[in-house]
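So the chains spell out like this:
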Amino acid sequence: EVQLQASGGGLVQPGDSLRLSCTASGFTFDDYAIGWFRQAPGKSREAVACVSKNDGNNVYVDSVKGRFAISTDNAKNTVYLQVTSLEPADTADYYCAAESDYCSEYSEWFDYWGQGTQVTVSS
């Protein structure tokens, strides 16, 4: 079956870094766009980043540009989100999702979703 699994979150202090992983199975990984979304407590889900062979690597949230980076290891069916210099405002549940072919900032267009991994930034 189609599966997406996000991992790598945790409780960290401001300024720390994490590498979040999204591992996919059940479909041809490099035929899909893989996006990272996050949802902070009490807020709507927002698109963070996305990668596809058509769109390349994209980071959407202005506040994390220069601090977050998306990358892929197709041999491992894995997409990474490297998050550095974390701030309390980055606290959220982080989800990875898959959409056929092209990246999008619209969560409604993504077909498959992982369980999510929680990032908490607190001193």
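Placed above this text is the structure.
The structure presented is a predicted model; accordingly, all values stated were derived computationally and were not measured.

## Observations regarding the state of the cysteines
Reasoning step 1: Applying the stated criterion across every chain, the model contains two disulfides.
Reasoning step 2: The disulfide partner of Cys22 is Cys96, and the gap between their sulfur atoms is 2.1 Å. Across the disulfide from Cys22 to Cys96, rotation about the S-S bond amounts to roughly 75 degrees, and the bridge is consequently right-handed. Of this pair, Cys22 sits in strand β3 (residues 18-25) while Cys96 is found in strand β9 (residues 92-100), placing the two residues 74 residues apart along the sequence. Accessibility assignment for this pair places Cys22 and Cys96 in one class, buried.
Reasoning step 3: Through a disulfide, Cys50 is tied to Cys103; the S-S separation comes to 2.2 Å. With the S-S bond torsion at -95 degrees, the cross-link from Cys50 to Cys103 turns out left-handed. Here Cys50, found in strand β5 (residues 46-52), pairs with Cys103, found in the loop between β9 and β10 (112-113); they are 53 residues apart in sequence, far enough to count as distant. The same class applies to Cys50 as to Cys103, namely buried.
Reasoning step 4: The disulfide pattern of the protein chain is 1-3, 2-4 when the bonded cysteines are numbered in sequence order.

## Quick look at the environment of Trp109
Reasoning step 1: With respect to the secondary-structure elements, Trp109 resides in the loop between β9 and β10.
Reasoning step 2: When the C-alpha atoms of Trp109 and Asn57 are compared, they prove to be 18 Å apart, with 52 residues separating the residues in sequence.
Reasoning step 3: For Trp109, the contacting residues outside a window of four places in its chain are Glu99 and Ser104.

## Remarks on the packing of aromatic side chains
Reasoning step 1: If you walk through the whole model with that rule in mind, you get six aromatic pairs.
Reasoning step 2: With centroids separated by 5.0 Å and ring planes inclined at 45 degrees, the aromatic side chains of Tyr106 and Trp109 adopt a geometry described as tilted.
Reasoning step 3: Among the aromatic residues, those joined into a cluster by ring pairs are Phe37, Tyr95, Phe110 and Trp113.
Reasoning step 4: The residue whose ring lies beneath Arg19 is Tyr80, and the NZ or CZ to ring-centre distance is 4.3 Å.
Reasoning step 5: The residue whose ring lies beneath Arg45 is Trp113, and the NZ or CZ to ring-centre distance is 4.2 Å.

Each value, and the rule that gives it
Residues numbered from 1 in each chain as written. Predicted model: local features only at pLDDT ≥ 70, side-chain atom pairs only at ≥ 80, totals over all residues. Heavy atoms only, no water. Disulfide = S-S within 2.5 Å. Helix = DSSP H or I, 4+ residues; strand = E, 2+ residues; numbered from the N terminus. Buried < 20%, exposed > 50% of the residue type's maximum accessible area, 1.4 Å probe, protein only. Contact = heavy atoms within 4.5 Å. Phe/Tyr/Trp six-rings, centres within 6.5 Å; stacked < 30°, edge-to-face > 60°. Lys NZ or Arg CZ within 6 Å of the ring centre and 35° of its normal.

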